[in-house]
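Structural characterization, general
For reference, the chains in residue letters:
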Amino acid sequence: LRDLPHKNTINHYYKTTCAHTIIHPTSREMFRSYFTAAAIALAATSTVGVGAAVVEKSLRGRNADTVASAIKKHQHRVLQEEEEFTFLIADIQYEDGFTATSRKLQGNSGNKNPNRPERTMNVQDAEGMIYEIEAGSGDTAGTSSGSKVTLPDKAFMTPGTNKINLNGGGLKKKTKKEKKEKRDLQEDDSSTELRRHLTAIGTKTVVAVRVIASGGAYNWKDEAGLSDDVFGTNGDAYNLKSGFEGCSHNQLIINPGGEGYTGINNGVTTINVDVNATSGNHGNMANAVTAAIKAKFGVNDPTEIADHWLYCLPPGVTTSIAYAYTNHYMSVYSNEWCNYPSSQMHELGHNFGFDHSNEGTQDYGDQSGMMGSSYSEDEGPLMCFNAAKSWQTGWFNEKRVNMNIGGSEATDNCLETDITGQADYVAVDTTQTILVKMNRASSLGRDLFLMYNKKTGVNSGTAEGGNTVMVVEAGAEGTGYAESWLMGKLGAGQSQTFAGYLGDDRDLVITVLSIGDTAQVKIEFDGLCTNTIAPTPSPCENPNQKQVSVQIATDTYPAETSWTLKKVGSCAGQADLNLSSPTYSTANAVQAAFEQCVDKGQYEFTITDAYGDGMCCSYGAGSFQVFYGDRDVFEGQSSGDFGASFTGNFGECDVPASPPPTPAPVNSTPPPTPAPVNPPTSLPTTEPTNPPSPLPTTPPSPNPTAEPTNPPPTNVPTNPPTPLPSSPPSPAPTNPPVAVAAVDKYICTKNAPLPATICADGSLAGGSCSTANAPDGCGNGGKVCWWSSCPGDGGGPPPTPTPPPPSPPTGGCPVCAATGGPCCGTCVDGGKPSSRGCFE
């Protein structure tokens, strides 16, 4: 077989001769294995004709007998009962759905499709080749990913596939072997060395592989671009490296692997394999890539070069978006999904032993962290992991509380404490509590885990439950591979009861006392808390006020974003308010929060994007949040994907509004009249003549005078009516004319001039845009200055001379007309169609 000129010749020889002349199925399968082994070995050497001499050269000194030996070993691997394999679970994601902002990785949530499994069972042989076990062909239950197994006696390779049929048998776990002087990491899954290798702590090296196959190739980025998207080697802000290092607070360091190996540049290499890039052929292709890595770099296993490997396959080879093997080094991606940080972190999470984060019946439904849905975004979303996965990472071991519910320790049945958001982790602060586990016997159910999902810093892009206390449920004691389920998202003043938590009539109650910089939480089992900590005081000294906090995460064009907050309604005691945002200038960053105490009442918030495309998601992943007191008033609506603007109302009147001003003075006048009349009349009449003489004269006179004429009655009806009708009317007639006045102004735009029906009041230009076609005052992104002429008398004279009509840009993007009509063609930005228009 080595002397045949090409792999295709081997396949042709097998199909035309062996398959028709070997009648016995077992013998035919054996010979099919021979040819499969030869094909993989030859694919690992070159994409062109391969002879014995080429094989020797490709294996860097290994002779032809070595290759023959490898093929002989490979041909028997599924036929020998005692051969040892590594059992592997692969978690697979599909592109089932879309969101308003981007595509998501999802499983078969909703409609289960047996042809699209969420996970598969596999075995890896000693040569590193991985084979899927036919679903339902035998028993794999209770086998952990990464453990050593042997196959049942009658297992065989399913003809025409890369799968093993267990033939009704079950996998057999290997017993622990005696320690060797030099332990192979793949030898004993119970070894401390293997556990160290798989943990999410320490320094890990990673290599990403651009795979070029027959009839298809990974084509999203070149080696430098892929390195930037994985490691940030050319300034990429958010990627696999920065994501894990940020979430772990530098307890997990990701570095480019392959240093010193020719052909690996900044953690990226390109591998050619002679495997057809056809749908469903990902298993054969991944095996060919592994064999090629070993041959190209002269190693027995890819982990000799790097701890983790990302295989970036050509588009369409796998029907999934990405998958990874649990407790393993390999993750596999379909083309561009190799570049998105959320899919990178999700799949390496599987390598580290993390299972999916679910909500209800929806797989991947918990979108608060990276083990839920992932997104086709290059710079986001910035988020970490839920409470169960964070417990499993080991990053917060010194800042977590393990409540042994029903136990005898002080904190077992009652815990009242501040919970710090994981993004606010400070290593030297020994007072912080970040995670809480509510432990119970596994026979009673899964344990509960709690954290404050503070939406800030490295977690500012969390897609669900931002700034709430989140409760999740997971098994495996929070230390091993186990799915988690989101159970609750609690705001300030909310509580959740888990009835009969220990299988009896005793309940576990979680209460959130307050939310701010930290979350004050009380966890109580069977009513055993005796002391209660006071909620954090309000930042507002006036009890009739609440703090409004506006938090903005900008996109690539921060200057386009602005917001206003104004009073609406007529709540008693609510002063007029008309706030507007500062000017934002830092792109793709969380801005300092705008905070101000305001009267309790009703308000209207409006956020605007000057260009009209919102803050997400083609040009960054901007978002906004508005808090009124502790409440996120627009939760679920603040993704930034709002087009030109978003307007929402919030707040309520604490007390009824004041009565109309007119009746107030009328009702306050009559009381003084009866007060002086009745007493003088009855007192002189009833009493004897002598004593009353001085009495009616002195008291009656001042009494009637003081009541009706005293200044207080005059001030009460006079002062309130005056400001109430006067203040609101003044701005009402004044502002609208300014807003609707027609003006002629220079404005900033990324395309041709805006249509003549669109007027700008000058503020869009920031006061600096004054020369046609000049970028001054217009920010980044190729925006230029244009004259927008609107009918009317506002805005001043037109420019002199009149600016020339716009010319098509030099980038090959045509313009339909010089008047600002839609573009005829499609601009390309970073390899993807751009919605920004021809002047991008």
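Residues numbered from 1 in each chain as written. Predicted model: local features only at pLDDT ≥ 70, side-chain atom pairs only at ≥ 80, totals over all residues. Heavy atoms only, no water.

Bringing the overall build of the protein chain into the picture now. The helix and strand inventory of the protein chain stands at 17 helices and 40 strands. Look at the contacts in the protein chain between residues 6 or more apart in sequence, and 66% of them connect residues 24 or more apart. Within the structure as shown, the protein chain displays about 38,100 Å² of accessible surface, and the carbon and sulfur contribution to it stands at 52%. (Helix = DSSP H or I, 4+ residues; strand = E, 2+ residues; numbered from the N terminus. Contact = heavy atoms within 4.5 Å. Areas by Shrake-Rupley, 256 points an atom, 1.4 Å probe, with all protein chains shown as cover.)

In this section: the pattern of salt bridges. Here the structure, examined in full by the defined rule, presents 17 salt bridges. Asp-91 is paired through a salt bridge with Arg-119; the nearest N and O atoms lie 3.0 Å apart. Taken as a pair, Asp-91 in strand β1 (residues 85-98) and Arg-119 in strand β3 (residues 119-124) lie far apart in primary sequence, 28 residues in all. Given a relative accessible area of 0%, Asp-91 falls into the buried group. Of the charged contacts in the structure, one is a salt bridge between Lys-567 and Asp-576, with a shortest N-O distance of 3.5 Å. Of the residues examined, Lys-567 reaches a relative accessible area of 23% and is grouped as partly exposed. (Salt bridge = Lys/Arg side-chain N within 4 Å of Asp/Glu carboxyl O. Buried < 20%, exposed > 50% of the residue type's maximum accessible area, 1.4 Å probe, protein only.)

Inspection of the entire model under this criterion finds five disulfides. Across a sulfur-sulfur distance of 2.1 Å, Cys-247 and Cys-384 are joined as a disulfide pair. Between Cys-247 and Cys-384, the S-S dihedral sits near -90°, and the bridge is therefore left-handed. Here Cys-247, found in helix α7 (residues 240-247), pairs with Cys-384, found in the loop between β17 (374-375) and α10 (387-393); they are 137 residues apart in sequence, far enough to count as distant. With a relative accessible area of 1%, Cys-247 lands in the buried category. Each sulfur in the disulfide pair Cys-414 and Cys-529 lies 1.9 Å from the other. A torsion of 115° about the S-S bond marks the disulfide between Cys-414 and Cys-529 as right-handed. Note that Cys-414 is positioned in strand β19 (residues 414-420) and Cys-529 in the loop between β26 (518-525) and β27 (545-553), a separation of 115 residues in sequence. Classification of Cys-414 by relative accessible area gives buried; the value is 18%. (Disulfide = S-S within 2.5 Å.)

Most of helix α9 (residues 341-351) sits out of view: eleven of its eleven residues are buried. The complete set of buried residues in α9 reads Pro-341, Ser-342, Ser-343, Gln-344, Met-345, His-346, Glu-347, Leu-348, Gly-349, His-350 and Asn-351. Note on α9: the residue one or two positions beyond its end, Gly-353, has a positive phi of about 100°.

A word on the packing of α7 against α9. At a minimum axis separation of 9 Å, α7 and α9 run at an interaxial angle of 60°. When you trace α7 past α9, the crossing you get is right-handed. Contact residues: α7 offers Leu-240, Gly-243, Phe-244 and Cys-247, while α9 offers Pro-341, Gln-344, Met-345, Leu-348 and Gly-349. Residue composition of the contact of α7 with α9, grouped by class: six nonpolar, three polar and no charged. (Axes fitted to C-alpha atoms, helices over the stretch in contact; angles between N-to-C directions. Left-handed = near helix turned anticlockwise from the far one by under 90°. Nonpolar A, V, L, I, M, F, W, Y, C, P; charged D, E, K, R; others polar.)

Quick look at the packing of aromatic side chains now. One pass over the full model with this rule turns up 22 aromatic pairs. With 6.5 Å between their ring centres and 80° between their planes, Trp-395 and Phe-396 make a pair best called edge-to-face. Each of the two residues, Trp-395 as well as Phe-396, counts as buried. Both rings, one in Tyr-628 and one in Phe-650, keep their centres 5.3 Å apart while their planes meet at 55°; by these two values the pair is tilted. Residue Tyr-628 is found in strand β34 (residues 623-628), and its partner Phe-650 is found in strand β36 (residues 645-651); the two are separated by 22 residues along the sequence. With relative accessibility at 3%, the residue Tyr-628 sits in the buried group. Here Phe-650 falls in the buried class, since its relative accessible area comes to 5%. Between Arg-400 and the ring centre of Trp-391, over which it is positioned, the NZ or CZ distance is 4.0 Å. Taking the ring centre of Tyr-501 as reference, the NZ or CZ of Arg-440 above it sits at 4.0 Å. (Phe/Tyr/Trp six-rings, centres within 6.5 Å; stacked < 30°, edge-to-face > 60°. Lys NZ or Arg CZ within 6 Å of the ring centre and 35° of its normal.)

Topologically, Ser-460 is positioned in the loop between β21 (447-452) and β22 (469-474). Since its relative accessible area comes to 11%, Ser-460 is described here as buried. Once you skip the residues sitting within four places of it in the chain, Ser-460 turns out to touch Leu-382, Lys-455 and Val-590.

So, on to the sheet that holds strand β31 (residues 602-609). Strand order in the open sheet formed by four strands is β29-β28-β31-β36, and the pairing between neighbours is antiparallel. Single-partner strands in this sheet number two, and they are β29 (578-580) and β36. Each adjacent strand pair in this sheet contributes to an overall mean axis angle of 15°, direction not counted. Looking at chain direction, strand β28 (residues 561-568) and β31 are connected through eight bridges and run antiparallel. Among the inter-strand pairings, Thr-564 is bridged to a residue of β31, identified as Thr-606. (Pairing = 2+ DSSP bridges.)

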